[in-house]
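Fold and contact review
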There are 2 protein chains.
Amino acid sequence: MDPSQVKIPALADLTIDNITENVIRINSLNPDPRMKYILERLVEHLHDFARETRLSTSEWMAGIQFLTKTGQICTDVRQEFILLSDIFGLSLLVDSIDHPKPAHSTEGTVLGPFHTHEAEHMSNGDLMSKDDKGEPLLVVCNVKDVQGKPISGVTIDIWETDSSGHYDVQHADRDGPDGRCVMTSDDEGVFWFKAIVPVPYPIPHDGPVGQLLKKLGRHPMRPAHMHFMFEKSGFDHLITALYLKNDPYENSDAVFGVKNSLIVELGKVDKKTAEKYGVDEGIALMTYDFVLVTEKESFNLRAENSKKALEKLGRRVKIVEGLPVPDVD
Amino acid sequence: MDPSQVKIPALADLTIDNITENVIRINSLNPDPRMKYILERLVEHLHDFARETRLSTSEWMAGIQFLTKTGQICTDVRQEFILLSDIFGLSLLVDSIDHPKPAHSTEGTVLGPFHTHEAEHMSNGDLMSKDDKGEPLLVVCNVKDVQGKPISGVTIDIWETDSSGHYDVQHADRDGPDGRCVMTSDDEGVFWFKAIVPVPYPIPHDGPVGQLLKKLGRHPMRPAHMHFMFEKSGFDHLITALYLKNDPYENSDAVFGVKNSLIVELGKVDKKTAEKYGVDEGIALMTYDFVLVTEKESFNLRAENSKKALEKLGRRVKIVEGLPVPDVD
């Protein structure tokens, strides 16, 4: 390249104390204000982390090697960096920031790595798990807005493991999707289906993330849950899950997905319900009212939260394409 | 696993504001106090970064994908995560923390990814570059302690690129090491050799790190320099480099390696020097006095700096195996 094209602000003599401002300055040529802000915060936290821990060269090298292994175990069907983000609580945090929920609406939680786009569309009353070793479960849900009005025509993705704690994609010899379906809420905002009672299971722990958990004295287990994802134009995309009350891992989920409002107690199907839904009396019953927020409400709440958080940091903020950027004018 | 073995402190209902303390708490079962401290700082900075940027799900996913690509391009001879650490100034910062240098001693700088363990041992006066397109250079150096006393028997690794800006290992068709050697300082603490004048060159920029630099409007160039590494029992390991004054990239090194004290002005070999060293009059001359610190002095300075830094943070500190750990007693 032509050195006369170097437009970078001259670096000062670099020390432990001034390197951060110098790296931020050299990155400030970036024309994208949002990326500029993200990198400024990234560099400052990265450097503060090294300064506060007095990170040694050999510890730094251990980190480099850990990240390298984490990248190298990733494949089309395995995402170890998402797993790493999950076990550090970052995934839940990002979802909470990006999809804030006003009071009385259903909270979101981690997506996890097992959602696929191949689930079959099913109708009310269909059976979504072919696993006959699973304990039969009837699921009856409502979808409402924050005013309590039923929402029809919502697309709902639902997925759970089989009774051995594995998602369909984890079986190399599977012959199609199982334990997952896509439904649509009916005119009364209702969707209902037959499934199996979810069981606790470990996240994939034969790689770098599993080794880290072991070193930390943490287990890799997730409490029993069923995933739900809701989509309808005009409403904020809701990624959530329902957790079974009294699961042994309820208070120690390896990926921090449990929220109190998402814990459900299973009931038992009584005679009247059994007749109404055409299932056996006495099987397990899960019911829940999901409350969706409009896109606009979510957008405004996100912007408001951002403004408050950045003001607390002492930075003036403007919102560009829905995301905060420091206001330098 | 047996759920009764779960010894993890129960997680509270997780929110944007309490998730950090909960993740730190679940990690606190780790029996290694140093690792516990490092992970505590890591989680806090990671979460603060997300909170302060109000990181969106799609930005988070872009980060996951960037890290995955960075891991996947790594091979036995390419380390893209070190490059990433270099361009964020983290490598220089860690070296500065881990190898603090008292006044009047030679400062360290980034090792870079091109040091190898196959360089030939050479004697004073040998030629370490076979590149006949390079501009001839005579290098005459002293190694001293902080009292100015010559240090003999120091092992010195030296490496530089050829005149095209490539290290030997970057040529697929090379037939052995070139542009690198190992020397030993003589009884007067002197080592001298023939080489070529270093030239500026780009770091490998055909991968994720190069793409990031481009997005940031930064160039991938390093100013002309020669690497030196010093090792002798009882002295702190010194990894450093000498930079040529007035290089076009002197103030914008892509990896933040330049320090003022490491910039040298090339001289010209006069008649007397030419006769003494058996080289042509008028060729370029580089001279430098390297000043090494004892291991003990470096250890004490590191501990003292750590103590000060952690006290400034408001944390009592104890030093375990040379590294700080918060003192919780």
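Everything numeric in this text was worked out from a predicted model, so none of it was measured.

Some points on the relation of the copies chain A and chain B
- When chain A is fitted to chain B, the residual RMSD is 0.0 Å, and the transformation amounts to a turn of 180 degrees plus an axial shift of 0.0 Å. A rotation of that kind, with that shift, is consistent with a two-fold axis. No C-alpha of chain A lies nearer the rotation axis than that of Gly71(A), which sits 2.0 Å from it.
- When the interface residues of chain A are mapped onto chain B, 99% of them are again interface residues, pointing to one common binding face.

Focus on the sheet that holds strand β2 (residues 136-145) of chain A
All names here are of chain A.
- Spatially, β5-β2-β12-β11 is the arrangement adopted by the 4 strands of the open sheet, whose pairing is mixed. The strands lining the two open edges of the sheet, one partner per strand, are β5 (190-196) and β11 (267-268).
- In terms of strand pairing, β2 meets β5 through 7 bridges, oriented antiparallel. Across the sheet, Val-140 pairs through a bridge with Trp-192, a residue of β5.

Structural notes on the interface of chain A and chain B
- In this assembly, 89 residues from chain A lie in contact with 88 residues from chain B.
- Between chain A and chain B, a total of about 8,100 Å² is buried, with carbon and sulfur atoms accounting for 69% of that surface.
- Sorting the residues of chain A by area buried against chain B places Glu52(A), Arg54(A) and Phe88(A) first, and these three jointly supply 9% of that buried surface.
- A salt bridge links Glu52(B) to Arg41(A); the shortest N-O distance between them is 2.8 Å.
- For the pair chain A and chain B, the interface holds 30 residue pairs in polar contact (both at pLDDT 80 or more).

Digging into the nonpolar core
- In this structure, Ile87(A) and Ile87(B) are the most contacted members of the largest nonpolar core, which totals 72 residues.
- Ignoring any residue separated from it by four or fewer positions in sequence, one finds Ile87(B) in contact with Val23(A), Ile203(B), Val209(B), Leu212(B), Leu213(B), Arg218(B), Ala254(B), Val255(B) and Phe256(B).
- Within the second largest apolar cluster, 35 residues are counted, among which are Met128(B), Leu137(B), Val264(B) and Ala284(B).

Comments concerning the domain arrangement of chain A
- Parsing chain A into structural domains produces domain 1 (1-55) and domain 2 (103-204 + 220-293).
- A separation of 46 Å is found between the C-alpha centroids of domain 1 of chain A and domain 2 of chain A.

Observations regarding the sheet that holds strand β4 (residues 180-184) of chain B
Residue and element names in this part refer to chain B.
- Across the sheet, 6 strands lie side by side as β1-β4-β3-β8-β9-β10; this open sheet has mixed pairing. One side of each edge strand has no neighbouring strand; the edge strands of this open sheet are β1 (120-121) and β10 (263-264).
- Both strand β9 (residues 238-244) and β10 contribute to a ladder of 2 bridges, which runs parallel. Residue pairing across strands places Tyr-243 opposite Ile-263, the latter belonging to β10.

Definitions and limits used
- Residues numbered from 1 in each chain as written.
- Chains lettered and ligands numbered in written order.
- Predicted model: local features only at pLDDT ≥ 70, side-chain atom pairs only at ≥ 80, totals over all residues.
- Heavy atoms only, no water.
- Least-squares fit on C-alpha atoms with pLDDT ≥ 70 in both.
- Contact = heavy atoms within 4.5 Å.
- Pairing = 2+ DSSP bridges.
- Helix = DSSP H or I, 4+ residues; strand = E, 2+ residues; numbered from the N terminus.
- Buried area = accessible area lost by both parts, 1.4 Å probe.
- Salt bridge = Lys/Arg side-chain N within 4 Å of Asp/Glu carboxyl O.
- Polar contact = N/O pair within 3.5 Å; in protein donor to acceptor, adjacent residues only side chain to side chain.
- Core = buried A, V, L, I, M, F, W, Y, C linked by side-chain atoms within 4.5 Å.
- Buried < 20%, exposed > 50% of the residue type's maximum accessible area, 1.4 Å probe, protein only.
- Domains from an automatic or database assignment.

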